[in-house]
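Understanding the architecture of this molecule
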Amino acid sequence: MLAEIADELAEALNTAGVNTTTDIRNLRPPGAVIGPPRVRVIRGPNMLVEATWTVTVAAPGPGNLDALKALLTLAETATRTVNVTDWTPTVLTVGGAELPALDLTVITTVRDD
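Worth saying up front: this structure is predicted, and the values here are computed from it rather than measured. Residue numbers run consecutively from 1 along every chain, following the written order of its sequence. For a predicted model such as this one, the threshold for reporting local features is a pLDDT of at least 70, and the threshold for listing and counting side-chain atom pairs is 80 or more; totals across whole chains, interfaces and linings nevertheless cover every residue. Heavy atoms from the whole structure form the basis of all side-chain values; hydrogens and water molecules are not counted.

Considering the pattern of salt bridges
Note that side chains of opposite charge can pair when their charged atoms are close. Whenever Lys or Arg places a side-chain nitrogen within 4 Å of a carboxyl oxygen from Asp or Glu, that contact is recorded as a salt bridge. Across all of its chains, the model carries two salt bridges by this definition. Asp23 is the salt-bridge partner of Arg25, the closest N and O atoms lying 2.6 Å from each other. Judged by its relative accessible area of 67%, Arg25 falls in the exposed class. Among the salt bridges present, the one from Glu50 reaches Arg40, with a minimum N-O distance of 3.3 Å. Exposure classes here rest on a 1.4 Å probe applied to the protein chains alone. A residue is buried below 20% of its type maximum, exposed above 50%, and partly exposed in between.

What follows is the structure in structure tokens.
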């Protein structure tokens, strides 16, 4: 269920023009990688699963104005496309290289019948 949701998030973002992967080895900045979710299970007559995903958008270094503009464009597109609740500046380390990045929080909720 959650693996399918990760794929659906990636597909939606790719369709919107944000080069997105679920495998960091395939990240090609400027683009995004979807990390594993934090999961909260809400039990009741119908069990709900709330998944909080970190979608990290990254730009090629250095962290200059060009990188900032690329990050903001990616984050704005993602926010219009999926349920982004907030952005946090960060640095993404990939293969020893530090990339300017933003962590976007995306929340999904599914009913598990």
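Here we look at a negative patch on the surface
Patches in this entry comprise residues that are over 30% relatively accessible and not in a salt bridge; like charges within 9 Å are linked, as are nonpolar side chains (Val, Leu, Ile, Met, Phe, Trp, Tyr) within 5 Å. What sets the accessible areas is the Shrake-Rupley method with a 1.4 Å probe; for residues, cover comes only from the shown protein chains. By the counting scheme adopted, Arg and Lys are positive, Glu and Asp are negative, and His together with the chain ends is not counted. A single reference atom marks each charge: NZ on Lys, CZ on Arg, CG on Asp, CD on Glu. There is a patch of like negative charges on the surface, built from Glu4, Asp7, Glu8 and Glu11. Counting from the N terminus, the helices are the DSSP runs of H or I reaching at least four residues and the strands are the DSSP runs of E reaching at least two. Topologically, Glu11 is positioned in helix H1 (residues 2–15). With relative accessibility at 55%, the residue Glu11 sits in the exposed group.

Quick notes on H1
Taking 1.5 Å as the rise per residue, H1 with 14 residues should run 20 Å; its terminal C-alpha atoms sit 20 Å apart, in good agreement. Within the sequence span of H1, burial applies to Ile5, Ala6, Leu9, Ala10 and Leu13. Considered in projection along H1, the buried side chains sweep an arc of 140° and stay on one side of the axis. The exposed residues of H1 that point more than 90 degrees off its buried face are Ala3, Glu4, Glu8, Glu11 and Thr15. An expected span of 1.5 Å times one less than the residue number is assigned to each helix. Relevant arc is that of directions from the helix axis to the C-beta atoms, nothing else.

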